[in-house]
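Structural characterization, general
Residue strings, one per chain:
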Amino acid sequence: MKKALLISVTIDGHYHEIGKLYSILHYRYGYRTEDIFVYCDNTRCRTKPTYKNIMNVLQDIATNSSSCDELWIYYSGHGIENGLVMSDQKLITKQYIHSILYKIKCPCFILLDCCHSGTFASLLEWKWTFDDGKKHQHPWTNMNPNIYIACSCSSNELSVNLYNKIDNIHIGAFTMAFCTILDAASYRIDLLELFENVCFYMKTFSGL
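**Regarding the overall build of the protein**
From N to C terminus, the protein includes five helices and twelve strands. Taking all 208 residues of the protein together, 46% fall into the buried category. Carbon and sulfur atoms make up 52% of the accessible area of the protein, which totals about 10,700 Å².

Take a look at the structure:
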């Protein structure tokens, strides 16, 4: 069984991104619609990404992860160095997120498109960054071998939005680059290759 949690908070246009990611997971990678949980503050979403709602669903995912073959967690919104901001302006701290993710017992891919997102990658034994066309590998101290995290920026950087003139919305550059590469890839793609292609794509395109 595969499960996905897609969260979007208080940024115009990110409902569009969730729709794109939803389609890829469902049609390309076999996630059932009933196993894709969407939390966003767009009026079309039934369930809002409040502090209580997200805390409950994260806890449920961690508790039941042993029964899953694969998990996907996506967040777009406001990130600060200490955590992720929910729609009711309450903060889910980095420490709590780490404590939850550390318990996950199946392969779990996490995509974070928010400012300071690199600060959440400290569960990895190794991490890669991409600067000036070169890939760098860095040692880390703590890890959960089930967790793979892709972050839009480093711990001290701000994430970037682009303006889509066609749809008249602002969109996350990292998410759209990631979806574009993933959608064009074969069913199976090496994670490091995926990461490198996303970084190259972001360096070359000028807008959408």
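**Points about the sheet that holds strand β1 (residues 2-8)**
What the five strands build is an open sheet, ordered β2-β1-β3-β7-β10; its pairing is parallel. Edge positions in the sheet fall to β2 (36-40) and β10 (147-151), since each of these pairs with one other strand and no more. Averaged over all adjacent pairs, the angle separating strand axes in this sheet is 10 degrees, with direction ignored. Where strand β3 (residues 70-76) lies against strand β7 (residues 108-113), six bridges are found, and the strand directions are parallel.

**Examining the sheet that holds strand β6 (residues 91-93)**
Across the sheet, which stays open at both edges, the three strands sit in the order β4-β5-β6 with antiparallel pairing between neighbours. The open sheet has two edge strands with one neighbour each: β4 (79-80) and β6. Where strand β5 (residues 83-85) lies against β6, three bridges are found, and the strand directions are antiparallel. Bridging from a neighbouring strand, Val85 pairs with Leu91 of β6. Of the strands in this sheet, β5 and β6 are in contact with helix α3 (residues 94-101), which crosses β6 at around 55 degrees.

Analysis parameters
Residues numbered from 1 in each chain as written. Predicted model: local features only at pLDDT ≥ 70, side-chain atom pairs only at ≥ 80, totals over all residues. Heavy atoms only, no water. Helix = DSSP H or I, 4+ residues; strand = E, 2+ residues; numbered from the N terminus. Buried < 20%, exposed > 50% of the residue type's maximum accessible area, 1.4 Å probe, protein only. Areas by Shrake-Rupley, 256 points an atom, 1.4 Å probe, with all protein chains shown as cover. Pairing = 2+ DSSP bridges. Axes fitted to C-alpha atoms, helices over the stretch in contact; angles between N-to-C directions. Contact = heavy atoms within 4.5 Å.

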